[in-house]
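Commentary on secondary and tertiary structure
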Amino acid sequence: MANWADISLWAHSGAAALTMLVAVWLLRRWAGLRGARPSLGDAALLLALLATSLWGYAAASMGPAHPIAGLSESLRNLAWLAFLFQMVRSAKAQPRTVSAVYLVLMLVLVAQPVIDGWMAASALPSNLEALVFDAAMLLRMIFVVGALVLANNLYSVADAETRASLRVPLTALAAMWLYDLNLYATGYLNGSPSSDMLALRGVLMIFAVPFFALAANRAGGWKLTLSRKIAYRSLSLFAILGYLVTMIAVAQMLRAVGGTLASGAQVLLVLGMSLAALILLPSDRFRAWFKVKATKHFFQHRYDYRAEWIRFTETIGRPGDGTAPFHERVIKAAADISDSPAGLLLAPGDNGRLQLQARFNWPTADVPAQACTAGTIGYFQATGRIVELDGLRSGHDRLTDVRAIPDWMLAESNAWAIVPLVHFDRLAGLVVLSRPLVERRLDWEDLDLLRLVGRQLASYLAEARSQEALREADQFDEFNRRMAFVMHDIKNLVSQLSLVARNAERHADNPEFRADMIVTLQNSVGKMNTLIRRLTGYARASGEAVRAFDAERLVRHVIAEKAQRHPVIASSAQRLMVMADAAQLEQVLGHLIQNAIDASEPDTPVYVSMARDGLNGVIEIVDHGTGMSAEFVRAKLFKPFISSKADGFGIGAYEARLLVEAMHGRIEVESREGEGSRFTIHLPLATRIDADEPGAPSLQLAAKVS
């Protein structure tokens, strides 16, 4: 039986000859192209085939473990690396990180023959010789692992047409480098490469040559498209590999020094680097920093626009259970663009002023009830400008009108940028983004993408409001259908009373008829009172009964009734003469105070205060109950047929605001979940003070209030 040296000779010779035949065939095919220039991919493939043939001849003539064979192996790997790199260059957009990976592998290949030559040319001490050998094996394993990663990634990002052709040469290269990885790993563990595995490399190459021939038979070049995901994956893998190599190399150096101190230092090194990895890798700030630096230094553009748009549509368009509310998803869709961890959405209310619509991961932001200045909406509606707040704070931004920026935004140190949502030249809202984990400035790519996303989000908000208006119209249609049944009951009552009236003309003297008539009238009155109570909840104030009267008397009258069932405390206040409808205002106060009582614990009092604010009289109802979310206040509190109570009809708050607006006033609400709510009624002050204005409630019941 032939020994391993003979097998190595014939196997490597056969591989060299077959590879040379494929290269010659490729040259003859080029000669038949009649003046047409071969592609750069074919030229790179020819160079790789020639380098592989040279390696086969060197391994056959001098032995696979000879330094010359090692040098030719490095040249072979460098040629195949150039072939892969040429396929990368055919991509329309080449990320810099890919070029950096190839550069690192090329430096590793250059270092291999240097270390091999050092080992062969000089006599080294045994401990240093072992260390140099380990370094040589590690360098070869680093290259093989990196090359395998690149081959896999290139195949995964190739288009459908190219992938079938790439499968052939990449399979052969993967087999060649995977075999080398096993060879060098066993050599590193055993202290020297296995002679039988070195000999069998030639056999493996003989089987790989037909795959290279099939690749050479492909006409045309290769068109590839690389994704950022692959680039980040490659960079991450090489970072991890570099971390492991650094740990092993330093540990080997400490082991070569020897001694108890070196052994302890080796243990501390491993523990320290492991602890650093455990702290840095799970950190959101570290990952954000890594992404920013990689994007800045390795890519021509900050964003992968296709991936960003897919993420945007997935965020904003994924309904169903388990997803965040729509307005929170609006904030998140804008925040994801700039890697902001939180944000606020301000939207125009029914009074035309911006109010807090929703929060995303930002519970500490103190947003007032009126969240904008008089010029905020007009400025952003006219300019559509994205404002970076740090520039305003430092005074570097001289283009933005400072009068359009509310003071609370500038005072909120975590507020970073304002993104207007403009739909058909109308402001649909503002997204206030919080400061990202890694400090940076907005550049032109950020501004362009945020402006585009802002317009798209504005269209989504406008569509949501249209759907809300349609739902409200449907609810009023349902209300009208209910009213038809009520009118039917009224018609029956009228018919019944008409019959009684006609019979009374003939049977008025009959005692039995009079008794039945009384019972019938009592039943009818009871039914009509029930209908009236049902209908008065939907009545609107006409404004005809608005006059000057003392609001303090009315407030204390309502408090006296409510205080019989729950603690209600009224603050002392001066006389407050307002222009309003006393009956309608009494209905509004009764509803709001009752809501505050329902939201409070039995022993927690409700506070009512009165004051003057310019030309308006102000009545405040404050409770420390369950409170309401900003989204509920903005989107549901004043909407008909929506109630937070299990048995509520959802018409009271809606009716209260309509009644106050009919009296030329307004209602403002501030609430926080778990803390309580404040309802503020603003009514115009009377131009004259008349303590004896008719229609004012009596003060007799006020004495019951402590």
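What counts, and at which threshold
Going along each chain's sequence as written, the residues are numbered from 1 onward. Confidence filtering applies because this is a predicted model: local features only for residues at pLDDT of at least 70, side-chain atom pairs given and counted only at 80 or more, and all residues used for totals across whole chains, interfaces and linings. Derived side-chain values reflect all non-hydrogen atoms in the structure, with water molecules and hydrogen atoms excluded from consideration. Numbering of helices and strands runs from the N terminus; a helix is a DSSP stretch of H or I covering at least four residues, while a strand is a stretch of E covering at least two. Helix span, as expected, comes to 1.5 Å for every residue beyond the first. Categorising residues by exposure relies on relative accessible area from a 1.4 Å probe, with only protein chains included: less than 20% of the type maximum marks a residue as buried, more than 50% marks it as exposed, and the intermediate range marks it as partly exposed. We call two residues contacting when some pair of their heavy atoms lies within 4.5 Å. Pairs of N or O atoms are called polar contacts if they sit within 3.5 Å, as long as, within protein, a hydrogen donor faces a hydrogen acceptor (for residues adjacent in sequence, only side-chain-to-side-chain pairs). Each residue carries a pLDDT value, the predictor's own confidence for that position, ranging from 0 to 100. Among the buried residues, those of types Ala, Val, Leu, Ile, Met, Phe, Trp, Tyr and Cys that are joined through side-chain atoms within 4.5 Å form a nonpolar core. Only when DSSP finds a minimum of two bridges between them are two strands counted as paired. The axes used here are C-alpha line fits, helices contributing only the stretch in contact, and every angle between their N-to-C directions lies in the interval 0 to 180 degrees. We define a salt bridge as a contact between a side-chain nitrogen of Lys or Arg and a carboxyl oxygen of Asp or Glu at a distance within 4 Å.

1. Quick look at helix 18 (residues 551-562)
For helix 18, with 12 residues, the first-to-last C-alpha span of 17 Å sits near the 16 Å given by 1.5 Å per residue. Burial of helix 18 is extensive: 9 of the 12 residues sit out of reach of the surface. At its buried positions, helix 18 is contacted by strand 6 (547-550), strand 7 (568-570), strand 8 (577-580), helix 19 (582-599), strand 9 (606-613) and strand 10 (616-623). The N-terminus of helix 18 is capped by D550, whose side-chain oxygen sits 3.0 Å from the backbone nitrogen of E552.

2. Description of the confidence of the model for the chain
For the chain, per-residue confidence averages 77 on the pLDDT scale, and 73% of positions sit at 70 or higher. The model gives residues 220-227 a pLDDT under 50, and that stretch makes 34 contacts with residues more than four places away or in other chains. Below pLDDT 50 for its whole length, residues 689-706 participates in 26 contacts with residues either more than four positions away or in separate chains.

3. Here we look at the nonpolar core
By size, the foremost hydrophobic cluster in this structure holds 57 residues, and its most contacted members are W80, L84, F143, L173, W177 and F212. When residues in this core are grouped by element, the largest group, 15 residues, is from helix 5 (residues 126-157). Setting aside residues no more than four positions away along its own chain, L84 makes contact with Y102, L154, L170, L173 and W177. Judged by nonpolar contacts, the second largest core, of 39 residues, contains L576, A582, I619 and I667.

4. What to know about the sheet that holds strand 11 (residues 666-672)
Strand order in the open sheet formed by 5 strands is 7-9-10-12-11, and the pairing between neighbours is mixed. Across the chains shown, the open sheet's two edge strands, defined by having one partner strand only, are strand 7 and strand 11. Between one strand axis and the next, the sheet turns through 20° on average, direction left out of account. Two elements, strand 10 and strand 12 (residues 676-684), share 8 bridges in a ladder whose sense is antiparallel. Of the residues in strand 12, the one forming a bridge with N616 is P684. The sheet strands contacting helix 19 are strand 7, strand 9, strand 10 and strand 12, and the helix crosses strand 10 at an angle near 25°.

5. Points about the sheet that holds strand 3 (residues 387-388)
With respect to topology, 5 strands assemble into an open sheet ordered 2-1-5-4-3, the strand pairing being antiparallel. Every interior strand has two partners, whereas the edge strands, strand 2 (354-360) and strand 3, have only one. As defined by bridge partners, strand 3 adjoins strand 4 (residues 415-423) across 2 bridges and the pair is classed as antiparallel. Pairing of E388 across the sheet is with A417, part of strand 4. Those strands touched by helix 12 (residues 326-335) are strand 1 (343-348), strand 2, strand 4 and strand 5 (426-434), and its axis lies near 75° from that of strand 2.

6. Quick look at the pairing of strand 1
With 6 of 6 residues buried, strand 1 lies mostly within the body of the structure. Neither face of strand 1 is open: one carries G343, L345 and A347, the other L344, L346 and P348, and all of them are buried. Bridging between strand 1 and strand 2 involves 6 bridges; their strand directions are antiparallel. Residue pairing in the sheet places L344 in a bridge with R359 of strand 2. Remark: 5 residues form the turn of the hairpin made by strand 1 and strand 2, two consecutive strands paired antiparallel; G352 in that turn has positive phi of roughly 85°.

7. Here's the deal with the pattern of salt bridges
Enumeration over the complete set of coordinates arrives at 17 salt bridges. Close ionic contact of R435 with D390 constitutes a salt bridge, the shortest N to O distance being 2.5 Å. With R435 in the loop between strand 5 and helix 16 (444-507) and D390 in helix 14 (residues 389-394), this residue pair connects regions lying 45 residues apart in the sequence. Residues R666 and E668 are paired through a salt bridge, measuring 3.1 Å at the closest nitrogen-oxygen approach. Judged by relative accessible area, which is 35%, R666 ranks as partly exposed. Here E668 falls in the buried class, since its relative accessible area comes to 18%.

8. Brief notes about unusual backbone geometry
Here F424, not a glycine, exhibits a phi torsion of approximately 50°, which is positive. On the basis of relative accessible area, F424 is assigned to the exposed category, the value being 71%. Residues other than glycine seldom take positive phi values, yet H664 does so here, at roughly 65°. Counting through the fold element by element, H664 comes out in the loop between helix 21 (652-662) and strand 11. According to the relative accessible area criterion, H664 is exposed, its value standing at 67%.

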